[in-house]
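Descriptive analysis of the structure
Letter by letter, the chains look like this.
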Amino acid sequence: MPKLFLLDGMALLYRAHFAFITRPIMNSKGLNTSALFGFTNTLLDLLNKQQPSHLAVAFDTHAPTARHIAFPAYKAQREETPEDILIAVPKIKELLAAFNIPVLELDGFEADDIIGTLARRAEREGFTTYMVTPDKDFAQLVDEKTFIYKPGRQGDSAEILGLKEIREKWGISNPSQVIDILGLWGDASDNIPGVPGVGEKTAQKLIAEFGSVENLLANTGKLKGKQKENFEKFAEQARISKELATINCKSPIPVSIEKLVLRPKNEAALKSLFIELEFNAFGKRLFGENFKAGHAAKTQEAREQTSRVSDDFQLESESDLPVPDPGQPETGGSSEEAGEVRPNFRTIRDVPHEYKSITTQGERRELLALLKEQPVFAFDTETSGLDPREAILIGISFSFQAGTGCFVHFPEKRPNALAVLEEFRGLFENSETEKAGHNLKFDLSILSAYGLQVQGPLFDTMIAHALIEPEQRHNLNALSEIYLGYSPVPITALIGEKGEQQKSMLDADKEALTEYAAEDADIAWQLREKFIPLLKQSGQEKVFYQVEAPLIPVLVSMEAAGVAIDIFALEEFSQKLAVEMDRATQDVYKLAGHEFNLNSPKQLGVVLFDELKIAEKPKKTKTGQYTTNEQVLLSLSGQHKIVERLLDYREATKLKSTYVDALPNAVSPRTGRVHTTYSQAATSTGRLASANPNLQNIPIRTDMGREIRKAFISDPRLKDFIILSADYSQIELRIIAALSGDKGMISAFEKKIDIHSATAARVFGVELDQVSGDMRRKAKMVNFGIAYGISAFGLAQRLGISRTEAGEIISQYNRQFPGVQTYMDETIEFCRKNGFVETITGRRRYLRDIHSANATIRNAAERNAINMPIQGTAADMIKMAMAGISREFRERNLKSRMLLQVHDELVFELQRSEEAEVRERLEHCMKTAITLAVPIEVEIGTGKNWLEAH
């Protein structure tokens, strides 16, 4: 049976854009490709898994529709379309042309009308139709042959909604009654007014009783009180709202279904677009690892090919629907010739190079003599795996001149490899020679695992680029293509595609391995030459040379050290959590009056809001399901005992699965310790990220969460060692005080008055000794929220107070601490003028959305503008402190060592005899890392485990 898929173009672009709003996908030209990426991913997923026989994409036009004429306020309140989506629309149409997929547009009609018309037409012709959209309005069109196809989110499977699902979701017998519900309920996003006082549930109940808007309005005598009054007063508004919500299934779209048959894609045009947009993963997915190789199609050929969709897609009247011009491919590389499709990356096959294979001691001796003459060289290690403690060192490549390089092959057996590496010890331990590379922390970790500690200045091209372009990708291949116009040899050329047949690097062809490895060192060398002036141009030299580069060997040492775990304590805690989960479950059942699935948001929403009615106007997701996430539950925690026990259940469940049961599996069999991996280039604020396992999110705010820290101990095999914790005290608030220069905040810190109590005294107009615990709690929330753009609504939710009270607290805060508001205003203005904000050290974050016409996006950029200098300065401060501490420990030959960094806290394995010296050095390094206009306090504690020390 033929399957027709009709895609709601703008709705899918919006959905994709906002799915990446907190971490947008930017290409090397600064183009936000989030909407394009998400749309393309949905399209490819649909094509691969659903295998449609027919497919088209519908878009709105700018022309007014009958709805706008009948009701001028229709969609009038909508915010401006985000600029990034407007830019994406012509590109997505060009992409669809390359896929040979028709684009459908018709002045005077919305995409909904086009899809509705074709769905009904396809039904008559025996098709099964899937309307691909997140829009709830399409529920009115569902029948036995027509379905809603909702693309999945964050890896979830797509959801297909048919008659059964629509009837259950809306509580109706016929999907057409969705129109009646929307007519009563209204739709804020489309500015459909509905009837005052009628929400979704009320609308559903009324339509279930009366069947339609018309029948309801004919029987208002059966209603009572205010509801009767509203329906009689707003009867015409209800009729208009129903009309506005009705999808027109008789639009004059002049296209036959057979013209929408799926046709072969235009590979040349599609490759060109994927390369231009830097969608390498999609290119490899469709065309294989080497999809860019030899790509030199002619502009005229590509133009002819992409226009074939226009030639073949003939409409059936003089008012034919125009198919968008796919556009002309841009010329690429440095060539301005019209015949070259951009970009035509060079590869190892067409670039002169001299890469040597080094296998004998004599060859190594000659290479070492050359390397020792260089003030700087680039290097890269090749290994059998990605775990430095387990991987075998296969070889090291070197380069100190563009287009040249060599690869030193290492014996596989460790003793023999150690002997070869020993020849290079003097080179790597030379403190005068600069070593360059890409993601040097990995290479240094490999050499460290083989007993060699690299010394001297370091230049990491990955970190340099993360400072130059913090929002873009930083992998070596991407940077090579962007800055060198060169596409490196893919690793699959050596070991094959991922899967069971993939070889190990140990089995790679020696000649191919030499080319691959030497090329990496060569590229790193060339990128270093590109990035040195760019660091200066972007004002990032200080951050790179004083903050990030000195931290690399510190992280190498910390990752190698790992941390000891008390597995028995975790097992005991796991059992306690299981008991708590069971108790919480039984309590919830008792409070609800029956059993249900606590892990089902749908069932939980029904219990909380339909049965117990613990909120007057509960939030709902876009699918109409009640929202029951943690934030919602926290805001309702004072409303009913069941919420408190649900939160207890969720916390216990998360702790057990994420940490307590998972951490023992992360223990290295070689060292008996847990080794996390830190990343310096993962966040735009400069904060370190931790993975495999993530130790940055070990909980601390709750009693149950803190219990996990008991399992982090000093190694029982080490005598006279304990755990030491050193934590910056309220460092972000101190930074706010310093940046804002607010006299009230600075005074509180100088006098060592508890900042939250001091804030409460000022905000609530009482003496310090009259501040209650509740006042302090509210002030603490304001202190941590005000400089991050917290609203009266947000504060009210977090504190469980009215919005009026929350607004007054914020107003009073601004009056008492005027410097903070001035700082926020000036920071936003600086960002508007310069396009970026920066930390005290000069680390920048570029916020291109600060000028967006869309208020939601602009407000998010403004919040980031305020947040970044504070959080980024705190990140820079602890990084500089870590480098200083490491240097002090090394110079003093201390046996104590740094193990973990968790936001503003450092954790050490402390030899008891060194405690006084370590404490003194920690305080000095942490307090002097960055000088602020307020005192910096460091809290230091010790104990047999992390919890006790903290």
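That block above? That's the structure.
Residue positions are given per chain, counting from 1 as you read along its sequence in written order. Thresholds applied to this predicted model are a pLDDT of at least 70 for local features of residues and 80 or more for the giving and counting of side-chain atom pairs; totals over whole chains, interfaces and linings are not thresholded and use all residues. Side-chain descriptors were evaluated using all non-hydrogen atoms of the structure, hydrogens and water having been removed beforehand.

1. What to know about the overall build of the protein
- A run of H or I in DSSP counts as a helix once it spans at least four residues, and a run of E counts as a strand once it spans at least two, with each numbered from the N terminus. Looking only at helices and strands, the protein has 39 helices and 22 strands in total.
- Against the globule reference of 30 Å for 950 residues, the protein gives a C-alpha radius of gyration of 32 Å, in line with a compact fold.
- When checking whether two residues touch, look at their non-hydrogen atoms; a contact exists if any pair is within 4.5 Å. Partitioning the contacts of the protein with sequence separation of at least 6, the portion at a separation of at least 24 is 69%.
- Note on areas: Shrake-Rupley with a 1.4 Å probe; residue coverage comes only from the protein chains shown. Surface summary for the protein: the accessible area is close to 42,000 Å², and the carbon and sulfur share equals 49%. Values of the radius of gyration come from C-alpha atoms, whereas the globule rule sets the reference at 2.2 Å times the count of residues to the power 0.38.

2. Considerations on the packing of helix α7 (residues 177–185) against helix α8 (residues 200–210)
- A fitted line through C-alpha atoms represents every axis, and for helices the fit uses only the stretch in contact; the resulting angles, taken between N-to-C directions, go from 0 to 180 degrees. It is at 9 Å that the axes of α7 and α8 come closest, and there the two elements cross at 130°. Here α7 is positioned oblique relative to α8, judged by the angle of their axes. The element α7 and its partner α8 pack so that their crossing is right-handed. Contacts from Gln177, Asp180, Ile181, Leu184 and Trp185 of α7 reach α8 at Glu200, Ala203, Gln204, Leu206 and Ile207.
- Under the convention adopted here, Pro, Cys and the residues Ala, Val, Leu, Ile, Met, Phe, Trp and Tyr are nonpolar, Asp, Glu, Lys and Arg are charged, and Gly plus all remaining residues are polar. Each residue belonging to the contact of α7 with α8 can be placed in one class, and the counts come to 6 nonpolar, 2 polar and 2 charged. By the definition adopted for this analysis, an angle is roughly parallel if under 35 degrees, roughly antiparallel if over 145, roughly perpendicular if from 65 to 115, and oblique otherwise. What makes a crossing left-handed is the near helix being turned counterclockwise from the far one by less than a right angle; a clockwise turn instead makes it right-handed.

3. Details of the sheet that holds strand β17 (residues 721–728)
- Any two strands are treated as partners once DSSP identifies two or more bridges connecting them. Strand order in this open sheet of 4 strands is β20-β21-β17-β22, and the pairing throughout is antiparallel. A single partner strand is all that each edge strand has here, and the edge strands are β20 (897–902) and β22 (938–943). Each strand of the sheet is rotated relative to its neighbour by a mean of 20°, with strand direction disregarded.
- Bridge count between β17 and strand β21 (residues 905–911): 7 bridges; the pairing is antiparallel. Residue isoleucine 722 lies in a different strand from β21, and its bridge partner there is leucine 910.

4. Here we look at helix α13 (residues 280–287)
- The buried label goes to any residue with under 20% of its type's maximum accessible area, the exposed label to any with over 50%, and the partly exposed label to all in between, with areas taken from a 1.4 Å probe on protein chains only. For α13, the full list of buried residues reads Asn280, Phe282, Gly283 and Phe287. One side of α13 holds all its buried residues, which, seen down the axis, span an arc of 160°.
- Where α13 is buried, its residues contact α2 (34–50), α12 (267–277) and α20 (476–484). The arc in question is the one spanned by the directions pointing from the helix axis to the C-beta atoms.

5. Re the sheet that holds strand β1 (residues 3–8)
- Read from one edge to the other, the open sheet built from 6 strands follows the order β3-β2-β1-β4-β5-β6, with strand pairing classed as mixed. For this open sheet the edge positions go to β3 (103–104) and β6 (159–161), each flanked by a neighbour on one side alone.
- Judged from the 3 bridges that link them, strand β5 (residues 146–150) and β6 form a sheet pairing that is antiparallel. Residue pairing for β6: lysine 150 is matched across the bridge by glutamate 159.
- Sitting on the sheet, α2 is in contact with β1, β2 (54–58), β4 (128–132) and β5, with an inclination near 170° to β1.

6. A short note on the pattern of salt bridges
- By salt bridge we mean one thing: a side-chain nitrogen of Lys or Arg within 4 Å of a carboxyl oxygen of Asp or Glu. Enumeration over the complete set of coordinates arrives at 58 salt bridges.
- Measuring nitrogen to oxygen at the nearest pair gives 3.2 Å for the salt bridge that ties lysine 91 to glutamate 94. On the criterion of helical spacing, the pair formed by lysine 91 and glutamate 94 is a turn pair, its members being 3 residues apart in helix α4 (residues 83–98). Like glutamate 94, lysine 91 is buried.
- Of the charged contacts in the structure, one is a salt bridge between arginine 673 and glutamate 909, with a shortest N-O distance of 3.1 Å. Of the two residues, arginine 673 is situated in the loop between α28 (641–660) and β14 (677–679) and glutamate 909 in strand β21; the sequence distance between them amounts to 236 residues.
- Here glutamate 909 falls in the buried class, since its relative accessible area comes to 0%.
- Within the structure, one salt-bridge network assembled from shared partners comprises Arg673, Asp715, Arg717, Arg897 and Glu909.

7. Some details on the nonpolar core
- The term nonpolar core refers to a set of buried residues drawn from Ala, Val, Leu, Ile, Met, Phe, Trp, Tyr and Cys, joined through side-chain atoms within 4.5 Å. Residues Phe398, Phe428, Phe712, Tyr728 and Met882 are the most contacted members of the largest nonpolar core, which totals 178 residues.
- Those residues in contact with phenylalanine 398 that lie beyond four places of it in its chain are Leu367, Leu371, Phe377, Ala378, Phe379, Gly405, Cys406, Val408, Phe424, Leu427, Phe428 and Ala521.
- Ranked by size, the runner-up nonpolar core spans 53 residues in total, among them Ala111, Leu163, Val178 and Ile253.

8. Observations regarding the pairing of β21
- With 7 of its 7 residues buried, β21 lies for the most part within the structure.
- Bridging between β20 and β21 involves 5 bridges; their strand directions are antiparallel. Residue valine 902 lies in a different strand from β21, and its bridge partner there is glutamate 905.
- Linking β20 back to β21 in an antiparallel pair, the connection comprises 2 residues, with histidine 903 at a positive phi of about 60°.

9. Details of unusual backbone geometry
- The amide bond that connects asparagine 692 to the next residue, proline 693, takes the cis arrangement and shows omega of 0°.
- By the secondary structure assignment, proline 693 is in the loop between β15 (689–691) and α29 (703–707).
- One non-glycine residue, glutamine 51, lies in the positive phi region at around 50°.
- Position of glutamine 51 relative to the elements: it lies in the loop between α2 and β2.
- A positive phi angle is found at asparagine 439, which is not glycine, with a value near 55°.

10. Quick notes on the environment of serine 637
- Tracing the chain through its elements places serine 637 in the loop between α27 (630–635) and α28.
- Since its relative accessible area comes to 34%, serine 637 is described here as partly exposed.
- When the C-alpha atoms of serine 637 and isoleucine 446 are compared, they prove to be 50 Å apart, with 191 residues separating the residues in sequence.
- The residues contacting serine 637, other than those within four sequence positions of it, are Val643 and Leu647.

11. As for the packing of aromatic side chains
- Aromatic contacts are taken between Phe, Tyr and Trp rings whose centres are within 6.5 Å, Trp giving its six-membered ring; a plane angle under 30 degrees counts as stacked, one over 60 as edge-to-face, and the others as tilted. For the coordinates displayed, the defined rule picks out 27 aromatic pairs.
- For the pair phenylalanine 377 and phenylalanine 428, a centre-to-centre distance of 6.1 Å together with 75° between the ring planes defines the contact as edge-to-face. Pair noted here: phenylalanine 377 is in strand β8 (residues 376–383) and phenylalanine 428 is in helix α17 (residues 425–428), with a separation of 51 residues, a long-range link.
- Using a relative accessible area of 0% as the deciding quantity, one classes phenylalanine 377 as buried.
- Consider the rings of phenylalanine 379 and phenylalanine 428, whose centres lie 5.0 Å apart with planes at 70°: the pair is edge-to-face. Of the two residues, phenylalanine 379 sits in strand β8 while phenylalanine 428 sits in helix α17, which places them 49 residues apart along the sequence.
- Look at phenylalanine 379 and you get buried, because its relative accessible area is 1%.
- Residue phenylalanine 428 is classed as buried on the basis of its relative accessible area, which comes to 0%.
- Sitting over the ring of phenylalanine 459, arginine 528 keeps its end group 5.7 Å from the ring centre. Two conditions define a charge located above a ring, namely a distance within 6 Å from the ring centre to NZ of Lys or CZ of Arg, and an angle within 35 degrees of the ring normal.

12. Re the environment of glutamine 537
- With respect to the helices and strands, the residue glutamine 537 is situated in helix α22 (residues 510–537).
- The exposure class assigned to glutamine 537 is exposed, which follows from its relative accessible area of 66%.
- As for glutamine 537 and lysine 895, which are separated by 358 residues in sequence, their C-alpha atoms are 42 Å apart.

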